[in-house]
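Descriptive analysis of the structure
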Amino acid sequence: MLELQLKIDPELGRQLPFLTLGLLQIEGLENGPATAALQALADATVSQTRAALQLEEISRLPAISGWRKALKALGTDPARYRVSSERLLRRIVKGDGLPRVNLIVDLVNVWSAASGLPIGLYDADRLEGDTLAFGAGREGERYRTLAGTDMETLGKPVLRDAAGPCGSPITDSDRTATHEGTRRCIAVVFGPPLYDRDEFERHCDLLANWVRHFTTGRVTAQGCVVS
C-alpha cells in the first residue's frame, strides 16, 4: 500500500496560519473516459452553478475569497493568478462546460466546482519520495504547468515532492499529472487560512464517497493537516 506523508512547511505556516490540507490516497483505479453517471452529475452541477451564481459573486465565496487574500498576502495578484476552483467556476458562469479529460480528473473538477475548493491530483507513480510538502515559492524556481507553460513559484504557495514543485492551488505540474493509464493517485485539497474545519472535512468525505461511487478506486488513506 502506498504511504505518503503530507506536511506544511513552517515558513509558509507562519505566513499563512491556519491553512488546512486534505489528502486522499486512491488505488485500484481503472481510469478512462468519464462514465455516463459522472457526466450527468457534471451537467447538473454546471446547471445549478449557473443558476445560483453571478460572475461577480464568485470571488466572495469563502474558499475563493480566502485564497485570494492569501495570494495577495504572499505578493501575488489574485486576479492574474486565480486558484483552479475560481477558474472553473468562472468558466461555468461564462457559459462553458467543465473540461473533459478523463474519469478521475473530471470527477475532481466537478467536486471542486461544487465545493469551491482548489484540489491537486497527482499520479502516485510519477511522484518522487514519500513526502509532499506545501511551502512558499522560491526565487528562480519554476515548473511546467498542465497548460504547458512555465510558472514561477516566488510569491505563491507550492506543493513539492522530492524532485521539486509538482503543484499548487493555482495549477498542477505536467510532470506528475494523471493520465488514462493512472492506477494510483493522490488528491490534495487546499483549504485557505481560517476555512471552517467541519465544512472542510464534509467536503473531503464527499470526495471520498464520490471516488467510491463513480470509480473502481479504493480510498486507502484519508486525512488532513493544519498549519
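Further up the page is the structure itself.
Residues numbered from 1 in each chain as written. Predicted model: local features only at pLDDT ≥ 70, side-chain atom pairs only at ≥ 80, totals over all residues. Heavy atoms only, no water.

Observations regarding the overall build of the protein chain
Within the protein chain, the secondary structure is distributed over six helices and ten strands. Computed over the C-alpha atoms, the radius of gyration of the protein chain is 16 Å, within 12% of the 17 Å expected from 2.2 N^0.38 for a compact globule of 227 residues. By principal-axis analysis of the C-alpha atoms, the protein chain measures approximately 45 × 45 × 35 Å. Buried residues in the protein chain amount to 54% of all 227 residues. Accessible surface, the protein chain: about 10300 Å² in total, of which carbon and sulfur atoms supply 47%. Charged side chains in the protein chain number 27 positive and 29 negative. The centres of these two groups are separated by 5 Å. (Helix = DSSP H or I, 4+ residues; strand = E, 2+ residues; numbered from the N terminus. Rg over C-alpha atoms; globule rule 2.2 N^0.38 Å. Buried < 20%, exposed > 50% of the residue type's maximum accessible area, 1.4 Å probe, protein only. Areas by Shrake-Rupley, 256 points an atom, 1.4 Å probe, with all protein chains shown as cover. Lys, Arg positive; Asp, Glu negative; His and termini not counted. Charge placed at Lys NZ, Arg CZ, Asp CG, Glu CD.)

Focus on the sheet that holds strand S2 (residues 20-27)
Across the sheet, four strands lie side by side as S3-S9-S2-S10; this open sheet has antiparallel pairing. The open sheet has two edge strands with one neighbour each: strand S3 (119-123) and strand S10 (218-226). Averaged over all adjacent pairs, the angle separating strand axes in this sheet is 15°, with direction ignored. Of the pairings in the sheet, the one linking S3 to strand S9 (residues 185-191) comprises five bridges and is antiparallel in character. Residue pairing across strands places Gly120 opposite Val188, the latter belonging to S9. Each of S2, S3, S9 and S10 is contacted by helix H6 (residues 197-214), which is oriented at about 165° to S10, the strand it contacts most. (Pairing = 2+ DSSP bridges. Axes fitted to C-alpha atoms, helices over the stretch in contact; angles between N-to-C directions. Contact = heavy atoms within 4.5 Å.)

A look at the pattern of salt bridges
One pass over the structure, following the stated rule, counts nine salt bridges. Of the charged contacts, one joins Glu141 and Arg138 as a salt bridge, the two residues approaching to 3.8 Å between their closest N and O atoms. Measuring nitrogen to oxygen at the nearest pair gives 2.8 Å for the salt bridge that ties Arg197 to Glu201. Linking Arg197 with Glu201, this pair stays in helix H6, spanning four residues, or about one helical turn. The class of Arg197 is partly exposed, set by a relative accessible area of 37%. Look at Glu201 and you get partly exposed, because its relative accessible area is 33%. Through salt bridges that share partners, Arg68, Arg82 and Glu86 make up one connected network. (Salt bridge = Lys/Arg side-chain N within 4 Å of Asp/Glu carboxyl O.)

Description of the sheet that holds strand S8 (residues 164-167)
In space, the four strands of this open sheet follow the order S1-S4-S7-S8, with mixed pairing throughout. Of all the strands in the sheet, just strand S1 (5-8) and S8 have a single pairing partner and so form its edges. On average, adjacent strands in this sheet sit at an angle of 35° to one another, irrespective of strand direction. Bridging between S1 and strand S4 (residues 131-136) involves four bridges; their strand directions are parallel.

Points about the pairing of S4
Burial analysis of S4 places five of its six residues in the buried class, the great majority of the element. By the bridge criterion, four bridges tie S4 to strand S7 (residues 157-161) in an arrangement that is antiparallel. Residue pairing in the sheet places Phe134 in a bridge with Leu159 of S7.

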